[in-house]
Amino acid sequence: MRLLCVFFQFTEEKLGQAEKTELDAHFENLLSRADITKNWTEKILRQTEVLLQPNPSARVEEFLYEKLERKIPSRVTNGELLGQYMTEAASDFGASSPYGQTLIKVGETQKRLGIAERDFIHSSSINFLTPLRNFLEGDWRTISKERRILQNRRLDLDACKARLKKAKAAEAKAAAEHELRVAQTEFDRQAEVTRLLLEGISSTHVNHLRCLHEFAEAQATYYAQCYQYMVDLQKQLGRFPSTFVGNAEAAASPPLSASPPAATLPLLQAVSPNTVDGTLNPADVKPPASGTRKAKVLYDYEAADSTELGLRADELITVYSLPGMDPDWLIGERGNQKGKVPVTYLELLS
């Protein structure tokens, strides 16, 4: 009978034929905040999964393994697979040939990029995705359950109010008043339980904020590693004898650089005679009379030979360029020391 009254109360409310007990503004605000948190947490979680694993089939496979509580098999990243193919190709082409040597070096870098990607995915999954999932599958389910119970308690309370209004006889009115008091007590108790859970959303935000910082830190570390690996590869490829790269250099577009192009630096007025067989002798180079620039060193750099200048992070050096010089390199001076320095390790100052 009581369930039937609750059903009638719900139906009449939907038809606008019955009054309902309204929750206070603070409670309604907590409900709205909880719904917003749940909706955006779901969207952020799903899009982060897409970012970390763009392959939808792989995501479905990982989801099934997770639901079956089985260990997800280790998957080779695309970078590692590409590196493996390049290394195997070098063996067939001849590891000592120019193309084979280049394949090996590029392949090794691709493997390092793939390993860095795998570490980033693993770290992000543990420190960011898992807490978001735990909220949706744990705290939010509990909140949803208690909200449904509160809704039923509220419907029961309003049904009791309606019965009291309709009661005529003293005995029926007394029974209706007793049911109303019981329903009111149960509603108030459930409302308090639900309110406490909803207020816990603030703690959820604090936890997710910490996880977001860890995710950003992992992403920054990953991209810094990738950048460094590519800079190292660029240095290795740039040191190949000219006969190894041949016409490829002329056909290739200049590499991207985070620093301003070397063309913006002052050039010596004439080609210096301080070269022998195309090899620069920085010790004999004279700086231009005016227009040299200061540069801040971004990373430590170990000189590969006597023509290069070793660098220490955060130090300031003087730099300038020479006509016909590789745009990825500049002449750097520190006191009496002088040598070639890579542009990618510098921040040019005005």
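Everything below is about the structure shown above.
None of the values given here were measured: they were computed from a predicted structure.

Peer 1: Let's hear about the overall build of the protein: which residues, and what values?
Peer 2: Scanning the protein for helices and strands turns up nine helices and seven strands. Within the protein, counting contacts between residues at least 6 apart in sequence, those at least 24 apart form 69% of the total. Split by element, the accessible area of the protein, about 21500 Å² in all, is 56% carbon and sulfur.

Peer 1: Can you tell me about the pattern of salt bridges, naming the residues and giving the values?
Peer 2: Throughout the structure, instances matching the rule amount to 14 salt bridges. Ionic pairing is found between Glu42 and Lys38, a salt bridge with its closest N-O pair at 3.5 Å. Of this pair, Glu42 and Lys38 both sit in helix H2 (residues 25-52), four residues apart, which is roughly one turn of that helix. In this structure, Glu214 engages Arg210 in a salt bridge whose closest nitrogen and oxygen atoms are separated by 3.1 Å. A residue pair is termed a helical-turn pair when its members lie 3 or 4 positions apart in one helix, as Glu214 and Arg210 do in helix H7 (residues 201-238) at four residues. For Glu214, a relative accessible area of 29% gives the class partly exposed. What makes Arg210 partly exposed here is its relative accessible area of 43%.

Peer 1: Residue-level account of the sheet that holds strand S5 (residues 329-334), with values.
Peer 2: Pairing between the strands of a sheet is mediated by backbone hydrogen bonds and can be parallel or antiparallel. Taking strand neighbours across the sheet as the criterion, the five strands line up as S6-S5-S4-S3-S7 in an open arrangement whose pairing is antiparallel. Two strands close off the open sheet at either side, each with one partner strand: strand S6 (337-342) and strand S7 (346-348). The mean inter-strand angle of the sheet, taken between neighbouring strand axes irrespective of direction, is 40 degrees. As judged from the three bridges shared by strand S3 (residues 293-297) and S7, these two strands associate in the antiparallel manner. For Lys296, the partnering residue across the bridge sits in S7 and is Glu347.

Peer 1: Residues and numbers for the environment of Gly238, please.
Peer 2: Looking at the element boundaries, Gly238 is found in helix H7. With 90 residues separating them in the primary sequence, Gly238 and Asp328 have C-alpha atoms 8.9 Å apart.

Peer 1: Could you give an account of the packing of aromatic side chains, with specific residues and numbers?
Peer 2: Taken as a whole and assessed by the stated rule, the structure comprises ten aromatic pairs. Here the aromatic rings of Tyr301 and Tyr345 are separated by 5.1 Å at their centres, their planes lie at 65 degrees, and the arrangement is edge-to-face. Of this pair, Tyr301 sits in the loop between S3 and strand S4 (316-320) while Tyr345 sits in the loop between S6 and S7; the two residues are 44 residues apart in sequence, bridging distant segments of the chain. The exposure class of Tyr301 is buried, given its relative accessible area of 4%. Note that Lys43 overlies the ring of Trp40, its terminal NZ or CZ placed 4.6 Å from the centroid. The ring centre of Trp329 lies 5.3 Å from the NZ or CZ of Lys340, which sits over that ring.

Peer 1: Run through the nonpolar core, naming residues and quoting values.
Peer 2: Residues Phe27, Phe120, Phe128 and Leu198 are the most contacted members of the largest nonpolar core, which totals 31 residues. Those elements that place two or more of their residues in this core are H2, helix H5 (98-166), helix H6 (170-199) and H7. If you tally residues by element for this core, the top one is H5, at 13 residues. Aside from chain neighbours lying at most four places away, what touches Leu198 is Phe27, Leu30, Leu31, Ala34 and Ile143. Counting 19 residues, the second-largest nonpolar core is a separate cluster that includes Val297, Val319, Leu330 and Val343.

Peer 1: Could you give an account of unusual backbone geometry, with specific residues and numbers?
Peer 2: The phi torsion at Asp314 lies on the positive side, around 80 degrees, for a residue other than glycine. Tracing the backbone through its elements, the reader meets Asp314 in the loop between S3 and S4.

Peer 1: Outline the packing of H5 against H7, supporting the account with residue identities and numerical values.
Peer 2: The interhelical angle for the contact between H5 and H7, taken along N-to-C directions, is 175 degrees, at an axis separation of 9 Å. Accordingly, the angle class assigned to the pair H5 and H7 is roughly antiparallel. A breakdown of the residues in the contact of H5 with H7 according to their chemical character gives 20 nonpolar, eleven polar and six charged.

Calculation criteria
- Residues numbered from 1 in each chain as written.
- Predicted model: local features only at pLDDT ≥ 70, side-chain atom pairs only at ≥ 80, totals over all residues.
- Heavy atoms only, no water.
- Helix = DSSP H or I, 4+ residues; strand = E, 2+ residues; numbered from the N terminus.
- Contact = heavy atoms within 4.5 Å.
- Areas by Shrake-Rupley, 256 points an atom, 1.4 Å probe, with all protein chains shown as cover.
- Salt bridge = Lys/Arg side-chain N within 4 Å of Asp/Glu carboxyl O.
- Buried < 20%, exposed > 50% of the residue type's maximum accessible area, 1.4 Å probe, protein only.
- Pairing = 2+ DSSP bridges.
- Axes fitted to C-alpha atoms, helices over the stretch in contact; angles between N-to-C directions.
- Phe/Tyr/Trp six-rings, centres within 6.5 Å; stacked < 30°, edge-to-face > 60°.
- Lys NZ or Arg CZ within 6 Å of the ring centre and 35° of its normal.
- Core = buried A, V, L, I, M, F, W, Y, C linked by side-chain atoms within 4.5 Å.
- Parallel < 35°, antiparallel > 145°, perpendicular 65-115°, else oblique.
- Nonpolar A, V, L, I, M, F, W, Y, C, P; charged D, E, K, R; others polar.

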